Amino acid sequence: MPLLEIREMSKTFPGTRALDHVDLDIAAGEVHALVGQNGSGKSTLIKVLAGFHEPDPGTLVRVDGEEVELADPAASRAAGFRFVHQDLALVDDLSVVENLALGRGFQTGAMGRIRWRDERRAAQEMLDSLGFDFDVRKPLGTLAAAERTGVAIARAMWNWEDGARILVLDEPTATLPMAEVETLFRTVRRVRERGLGVIYVSHRLDEVFSIGDRISILRDGRKVGTYKTADLDEDKLIALMVGEAVTRVAGAKAAPGGATVLAVEGLCGTVLCDLSFEAKAGQVLGFAGLTGSGREELLPLIFGAGERLGTVAVDGRKVKAARPESAIAAGIALIPSDRLHQGGVFDMSVTQNLTLTDPGRLTGPAKEIRRGRERSEVRDWIGRLDVRPSNPDLPLAALSGGNQQKIVIAKWLRMSPRVLLLDEPTQGVDVGAKAMIHALVREAAAAGAAVVVASGDDEEICDICDQVYVLRDGAIVGELTQEQMSIDEVGRMQLVGRGNGHAPVA
Amino acid sequence: MEIKSRRKVEDASAAPAGAASGNANATLPASSGRHEVPLARRILAGLGPRRISAVYLFILFVVVFSLINPNTFLTSATFRLVFSEGVVTCLLALAFLIPLAANAYDLSIGNLMALSLGLCVWLNLHTGLPASVAAILAILACTATGAFSGFVIVKLRVNSFIATLGTSQILLALVLLLSGNSQLIAEFPDSYKKLGIDQVAGIPIVVFYLLGVSILLWFVLEHTPIGRYLFATGGNEQAARLTGVRTDRVVWGSLIASGAICGLAGVVYSMRTGIFSATTGPGYLFPAVAAVFLGASQFQQRPNVWGTLIAYFALAFGIQGLALSSTSGAVWSQPLFEGVALIVAVSLASRPIVARLREARADKDLDAIEADPGPAKAPAGSG
């Protein structure tokens, strides 16, 4: 009897069926890899197991043959599920012992005093058993990345005799340097030896092959199959993940090819290494790549949000790093992926957010902002982009994600940028806003801007780009022209193991 | 220490709350065209106690204390006293307000004022410099001190709270040095003193200084790009920086301006009394800060000039009324008032934040479930 049985698991969101009658068995003492492209339903499945999404009626989940109801996170925990997420939810400033106690509480003695000695000993034993030997009194921030992941696993597994049955590791290596992956694997094997079932979610196929006992593949919300690792090779697995090679016919798009506007040379970041490319006027250039491929840091580096190595030039003139204002003066605009923290000032009004890029152009003789002019400009944008509600005095926070994003884009479009950088431009926006944003992107290119889009959404990349570069492990590993472009091809190029040569720098 | 906790999203009446999700269009048939709230409703909303509670407080105090003290409270002498006494504190409050708009705290305002006052008095007693030159030097010294605080915050990356707390103690040392730990009384020329105690059209002249600074500051904060940059920096520094706002300069500049106004406050103080002791400064910090925070709950739900002044004078009249009503002078009433008012003001202003969070949670995208602090956490998006 399998440890975990999932039968007919479905999950329907308005408009989409994220999971479609998925069956899955996990055995005790097994590392079961779960793979699939973006949007294949892996996340949803995990969220259902964690008790964050209620599955559709008819779904059956059994642990040790007993049916469990996953109504909320507490129920999930009681059923024996433990989770370690990509964001480990640990506190760098606290010691390892304190981190382990987060969410669990301390053992206390007389008068509520924490029994530090017992806590320390227990923590040390726990981490020893997972194969670590660092001092648990150290602040978490001083540990290596794999050790931090180890602490997160230890915390999830605390008191494993106390009902932990299934450990779910969600992209545990996405932020891990390659050299430390083996350390993590050792820990995972120790957990497996304890007789737990491990669900290992990863984009990285080489990892899946080295740690997984069996592999289940999801595609478009359905399970494609479960295979013994020995029965698969990388090519077969990719074929299963990508499915039938349906080549998308690209829509009518403007032919690229103006003058070179943006030239990037030798760009290096944390993951990106020696990246060079050019973007031409009137072109929409896409960057695809998995999380951790360097896709996330590319556009902020070009914009110069922080320090960087390498040069960025617009129309032949170099742009300084770490100086957003000089990037803006050179004609670069960045729509950041993290809208909440970087996109806008949410307590300020729609109007004030929109004109913040250059309020100086609205001023009169006493340097005062002329409200009438400001208002009419903002009304124009609101009308053009169909922002709802249309009240320009509302705080930005009162708008939906899609409408907020329209404002963030509008504040840059009003600058008529030479180079428009869009990072995950439609993350968390509704379908209508997505179409609008895509149209705006095409429009900006048609007006002569060089547009660069970085997105984890391969469909989006194929829909709006004239040319695509695929990133893996910090380097460009492929280039697709409009004719070669298909969701499957873009997805396939992102997947094939770790790139050769360009090892990520820890 | 979080400035944002005092800010508030517009009343739900003005902001269709359901507008925050993908199906907003369906729920908002009425506002599909231009968004216009009826004038009457806007005026009513503008007069609500949540927006101008200090004005009502002000009126309440005047009415109550006029009834209790019919002969003493409602006199021009009382008004002149409260207004002229309040100028120094109000100037300091405005000095506190500028960096606060950019989410930086200047806790050195009290001792900055004392430094300015001390320099004016000391230079008068120990040098032959004209009082006006001494006053200018005092203001320059305070401006330079503000620049120093700004340097510590922006370049050394010290939290503004800590940086200005440190600056404040250093200033106290300077002030103690100047005073020799005793009370100094300057011998200013009459022409200088007149600038502190004269009246114009029955109104104390110092009130005009305050009015001048207030109007200038209101104009800069509410009507110029500089004001936008300040509030954007305070609202979301990272987003402001990525939009091209030079946030470091903004913060630095705000502390320099704060220092200059504190210097001016010290000069005004010297014109009014000419008495200086080392204990003068610290007592001014709290009333000024309380006025700004109470004022930030007025009108726009963010630090603003007129809210600050109204908040200050509402409290000041309350204190004056209590003092007149009690035979012992009721010195205790001032800190009591300020303490209660500060807590009430900030709690009033932060309640909408809770409502906003709740609303935001309800509207969260399916993928944006927040991590539970407990062991069972929400999966980060991967699939």
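Note that the coordinates shown come from a computational prediction; the quantities given were computed from them, not determined experimentally. (Residues numbered from 1 in each chain as written. Chains lettered and ligands numbered in written order. Predicted model: local features only at pLDDT ≥ 70, side-chain atom pairs only at ≥ 80, totals over all residues. Heavy atoms only, no water.)

Asker: Report on the overall build of chain B, specifying residues and quantitative values.
Answerer: Looking only at helices and strands, chain B features 15 helices and four strands. In chain B, which comprises 383 residues, the proportion classed as buried is 49%. For chain B, contacts bridging at least 24 residues in sequence account for 75% of all contacts bridging at least 6. For chain B, the computed accessible surface area is about 16900 Å², with 67% contributed by carbon and sulfur atoms. (Helix = DSSP H or I, 4+ residues; strand = E, 2+ residues; numbered from the N terminus. Buried < 20%, exposed > 50% of the residue type's maximum accessible area, 1.4 Å probe, protein only. Contact = heavy atoms within 4.5 Å. Areas by Shrake-Rupley, 256 points an atom, 1.4 Å probe, with all protein chains shown as cover.)

Asker: How would you summarise the side chain of asparagine 236 of chain B if you had to cite specific residues and measurements?
Answerer: Turning to its location among the elements, asparagine 236 of chain B is positioned in the loop between helix H10 (225-235) and helix H11 (237-242). According to the relative accessible area criterion, asparagine 236 of chain B is buried, its value standing at 11%. Within polar-contact distance, the side chain of asparagine 236 of chain B engages the backbone oxygen of histidine 341 of chain A at 3.2 Å. Beyond its immediate sequence surroundings of up to four residues, asparagine 236 of chain B is in contact with Leu340, His341, Gln342, Gly344 and Val345 of chain A. (Polar contact = N/O pair within 3.5 Å; in protein donor to acceptor, adjacent residues only side chain to side chain.)

Asker: A description of the packing of helix H4 (residues 76-101) of chain B against helix H13 (residues 285-296) of chain B should follow, citing residues and the corresponding values.
Answerer: Residues and elements named next belong to chain B. H13 packs onto H4 with a crossing angle of 60 degrees between their chain directions and a minimal axis gap of 8 Å. When the interaxial angle is binned, H4 and H13 end up oblique. Handedness of the crossing formed by H4 with H13: right-handed. On the side of H4, the interface is formed by Thr89, Leu92, Ala93, Phe96, Leu97 and Leu100, while H13 contributes Pro287, Ala288, Val289, Ala291, Val292 and Phe293. (Axes fitted to C-alpha atoms, helices over the stretch in contact; angles between N-to-C directions. Parallel < 35°, antiparallel > 145°, perpendicular 65-115°, else oblique. Left-handed = near helix turned anticlockwise from the far one by under 90°.)

Asker: Lay out the nonpolar core with the relevant residues and their values.
Answerer: Soluble, globular proteins show a tendency: their nonpolar side chains are buried together. Core analysis: the largest hydrophobic core is formed by 93 residues, its most contacted members being Val88, Leu91, Leu92, Leu94, Phe96, Tyr192 and Leu210 of chain B. No other element matches the 14 residues that H4 of chain B contributes to this core. With 76 residues, the next largest nonpolar core counts Phe277, Leu301, Ile328 and Ala454 of chain A among its residues. (Core = buried A, V, L, I, M, F, W, Y, C linked by side-chain atoms within 4.5 Å.)

Asker: Break down the sheet that holds strand S11 (residues 260-268) of chain A for me, citing the residues and quoting the values.
Answerer: Backbone hydrogen bonds are what pair the strands of a sheet, in a parallel or an antiparallel way. Residues and elements named next belong to chain A. In space, the four strands of this open sheet follow the order S12-S11-S14-S15, with antiparallel pairing throughout. Edge positions in the open sheet fall to strand S12 (275-280) and strand S15 (317-318), since each of these has one partner strand only. Taken together, the five bridges between S11 and strand S14 (residues 309-314) define a ladder with antiparallel strand orientation. What sits directly across from cysteine 268, in S14, is leucine 309. Against the sheet, helix H9 (residues 295-303) makes contact with S11, S12 and S14, and its axis sits at roughly 115 degrees relative to S11, the strand it touches most. (Pairing = 2+ DSSP bridges.)

Asker: An account of helix H15 (residues 431-446) of chain A is needed here, citing residue identities and associated values.
Answerer: All names here are of chain A. Compared with an ideal rise of 1.5 Å per residue, which puts 16 residues at 22 Å, H15 spans 23 Å between its outermost C-alpha atoms and is within 8% of the ideal. Close packing links the buried residues of H15 with strand S13 (284-289), helix H13 (371-384), helix H14 (401-413), strand S17 (419-423), strand S18 (450-454) and helix H16 (458-464). A positive phi of about 110 degrees marks glycine 448, the residue just after H15. (Expected span 1.5 Å × (residues − 1).)

Asker: I'd like a rundown of the domain arrangement of chain A, residues and numbers included.
Answerer: Residue and element names in this part refer to chain A. By the assigned domains, chain A splits into domain 1 (4-242), domain 2 (249-331 + 419-500) and domain 3 (344-416). Once you take the C-alpha centre of each, domain 1 and domain 2 turn out to be 33 Å apart. Each partner contributes to the interface: domain 1 provides 15 residues, whereas domain 2 provides 14 residues. Where domain 1 packs against domain 2, one counts zero salt bridges. The tally of links from domain 1 across to domain 2 stands at zero residue pairs in polar contact (both at pLDDT 80 or more). Taken together, the elements giving at least two residues each to the side of domain 1 that touches domain 2 come down to helix H6 (178-193), helix H7 (205-211) and helix H8 (234-242). (Domains from an automatic or database assignment. Salt bridge = Lys/Arg side-chain N within 4 Å of Asp/Glu carboxyl O.)

Asker: Break down the sheet that holds strand S10 (residues 222-228) of chain A for me, with residues and values.
Answerer: Residues and elements named next belong to chain A. Read across the open sheet, the six strands follow the order S6-S7-S8-S3-S9-S10; overall the sheet is mixed. At either margin of the open sheet sits one strand with a lone partner, and together these are strand S6 (81-84) and S10. Between one strand axis and the next, the sheet turns through 20 degrees on average, direction left out of account. The sheet contact formed by strand S7 (residues 166-170) and strand S8 (residues 197-201) spans five bridges and is parallel. Note on S8: the bridge partner recorded for valine 168 is isoleucine 199. The strands that H8 touches are strand S3 (30-35), strand S9 (214-219) and S10; relative to S9, the one it contacts most, it runs at about 30 degrees.

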